[in-house]
Amino acid sequence: MQDEMTALIAADLGIKDLPLAEQQALIAQFGEIALKAATLAVVGKLAEDKREEFAKLAEAGDATALKTFLDREVPGNEDIAKAAVAEEVKRFKAFQAP
């Protein structure tokens, strides 16, 4: 299953012709970048006075509480995050293009 996911992500990123080890390294690096971009996009929509509460929930690591908070405070947060990740995919592809 993980090999299939790696293959799909590699194809989407345009790196499927690279050796598997390089694909995995690039996907891991991209994942970190995409997560940061998604987080920044969502936090950017968060009211200034709610950012400290967000930080506390994120540090606590309670994914359910964090999701509940974001659903309440940033309507459409999942779409915002998806759009940020899609933009990072576009940037990655542009960077990879000759």
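What you are looking at is a predicted structure, and each value in this text was computed from that prediction instead of being measured.

### Notes on the packing of aromatic side chains
Working step 1: Enumeration over the complete set of coordinates arrives at one aromatic pair.
Working step 2: Geometrically, the ring pair formed by Phe-30 and Phe-92 is edge-to-face, given 5.5 Å between the ring centres and 70° between the ring planes. Of this pair, Phe-30 sits in helix 2 (residues 20-45) while Phe-92 sits in helix 5 (residues 77-96), and the two are 62 residues apart along the sequence. We note that Phe-30, like Phe-92, is buried.

### Some remarks on the nonpolar core
Working step 1: With nine residues, the main nonpolar core is built from Val-42, Val-43, Leu-46, Phe-54, Leu-57, Leu-66, Phe-69, Leu-70 and Val-74.
Working step 2: For this core, the secondary structure elements donating two or more residues are helix 2, helix 3 (51-60) and helix 4 (63-73).
Working step 3: Of all the elements, helix 4 adds the most residues to this core, at three residues.
Working step 4: Discounting chain neighbours no more than four positions away, the residues touching Phe-69 are Leu-46, Lys-50, Glu-53, Phe-54 and Leu-57.
Working step 5: Counting residues in each nonpolar core, the second largest holds eight residues, with Ala-10, Ile-15, Ile-27 and Phe-92 among its members.

What counts and what doesn't
- Residues numbered from 1 in each chain as written.
- Predicted model: local features only at pLDDT ≥ 70, side-chain atom pairs only at ≥ 80, totals over all residues.
- Heavy atoms only, no water.
- Phe/Tyr/Trp six-rings, centres within 6.5 Å; stacked < 30°, edge-to-face > 60°.
- Helix = DSSP H or I, 4+ residues; strand = E, 2+ residues; numbered from the N terminus.
- Buried < 20%, exposed > 50% of the residue type's maximum accessible area, 1.4 Å probe, protein only.
- Core = buried A, V, L, I, M, F, W, Y, C linked by side-chain atoms within 4.5 Å.
- Contact = heavy atoms within 4.5 Å.

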